[in-house]
Amino acid sequence: MTREREPLISLALYHAFKWSIVSPMLHAYFRGRIYGAENVPQSGKLIVVSNHASNFDPPIVSNCLGRPVAYMAKEELFKVPVLGTAIKLYGAYPVSRGSSDRQAIRSALEYLDHGWAVGVFLQGTRTPDGKITDPKRGAALLAAKAKAPLLPVSLWGSDRILQKSHWFPRAVPLTIRIGKLIDPPSSTNKEELQALTSQCAIAINELHHLGR
């Protein structure tokens, strides 16, 4: 049976982390602007697809959506005392280096069945300017298997948070734009998955193009 919400302890940890650290930093330090928050369903399974240019992106996205977003994280992090427990409660799930995509998909499907939103970076890795040029079909496949809608999100400015000459996050302006829900594909047909992936990439890039 699918749950409609995340476990209460995860929600409590999410709100504690959000209001004590992430939200103050986003608004006071990065002068963050958020558009489209009304597009976010606050319960039920959801796949959040976004661009990716900084390690700061996961907590920023989760903060702006108003609900926890589960992201995959390196398996080694879960072996660190206290940290491993904390990030698991916050929604991270482990993926070992060199493991198959099937393992990641199984973990994500389990979180979706427990009422979580699951975050997927559409290109699978960071890009230097935040634009998506080579989207992967993983999010569309996950949506097909889970019968979950996709929510496109654009982060503008996060590519400039850390520079090679700076070890501390720079106070650059950030803008987060949340698009309209996209229905899941009706099958796992390769052509349908590719078409949906392209639709998501276009939606995110169009939001990113709006800039500040």
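Rules used throughout
Residues numbered from 1 in each chain as written. Predicted model: local features only at pLDDT ≥ 70, side-chain atom pairs only at ≥ 80, totals over all residues. Heavy atoms only, no water. Buried < 20%, exposed > 50% of the residue type's maximum accessible area, 1.4 Å probe, protein only. Helix = DSSP H or I, 4+ residues; strand = E, 2+ residues; numbered from the N terminus. Pairing = 2+ DSSP bridges. Salt bridge = Lys/Arg side-chain N within 4 Å of Asp/Glu carboxyl O. Core = buried A, V, L, I, M, F, W, Y, C linked by side-chain atoms within 4.5 Å. Contact = heavy atoms within 4.5 Å.

Turning our eyes to something else, we now look at the pairing of strand S2 (residues 46-50). S2 sits mainly inside the fold: five of its five residues count as buried. Burial of S2 is two-sided: the residues Leu-46, Val-48 and Ser-50 facing one way and the residues Ile-47 and Val-49 facing the other way are all buried. Where S2 and strand S6 (residues 117-121) come together, five bridges link them in parallel fashion. Along S6, the bridge assignment pairs Leu-46 with Ala-117.

Before going further, it helps to spend a moment on the pattern of salt bridges. Taken as a whole and assessed by the stated rule, the structure comprises three salt bridges. When the shortest N-O distance is used, the salt bridge between Glu-6 and Arg-67 registers 3.6 Å. In this pair, Glu-6 sits in the segment before helix H1 (8-29) while Arg-67 sits in the loop between helix H2 (57-65) and strand S3 (69-70), placing the two residues 61 residues apart along the sequence. In this pair, the class of Glu-6 matches that of Arg-67, namely buried.

Positive phi is not limited to glycine here, since Arg-31 has a value of about 50°. Within the fold, Arg-31 resides in the loop between H1 and strand S1 (33-35). Given a relative accessible area of 41%, Arg-31 falls into the partly exposed group. Unusually for a residue other than glycine, Lys-147 sits at a positive phi of about 55°.

All right, on to the sheet that holds S1 then. Strand order in the open sheet made by the six strands is S1-S8-S7-S2-S6-S3, with mixed pairing throughout. Of all the strands in the sheet, the pair left with one neighbour each is S1 and S3. Alignment of S1 against strand S8 (residues 175-178), held across three bridges, turns out to be parallel. Its bridge partner lying in S8, Ile-34 is registered against Ile-176.

So, about the pairing of S8. In the case of a regular strand, side chains alternate between the two sheet surfaces. In S8, alternate side chains face the same way, and those of Thr-175 and Arg-177 on one face and Ile-176 and Ile-178 on the other are all buried. Two elements, strand S7 (residues 150-156) and S8, share four bridges in a ladder whose sense is antiparallel. Residue Ser-154 lies in a different strand from S8, and its bridge partner there is Arg-177.

This part covers the nonpolar core. Core analysis: the largest hydrophobic core is formed by 29 residues, its most contacted members being Ile-47, Val-49, Val-118, Leu-122, Leu-142 and Leu-150. The dominant element in this core, judged by the number of residues it contributes, is helix H5 (residues 138-146), at six residues. Setting aside chain neighbours within four positions, we find Leu-122 in contact with Val-49, Ser-50, Ile-132, Pro-135, Lys-136, Ala-139, Thr-197, Cys-200, Ala-201 and Ile-204. Counting 21 residues, the second-largest nonpolar core is a separate cluster that includes Ile-60, Val-61, Cys-64 and Ile-161.

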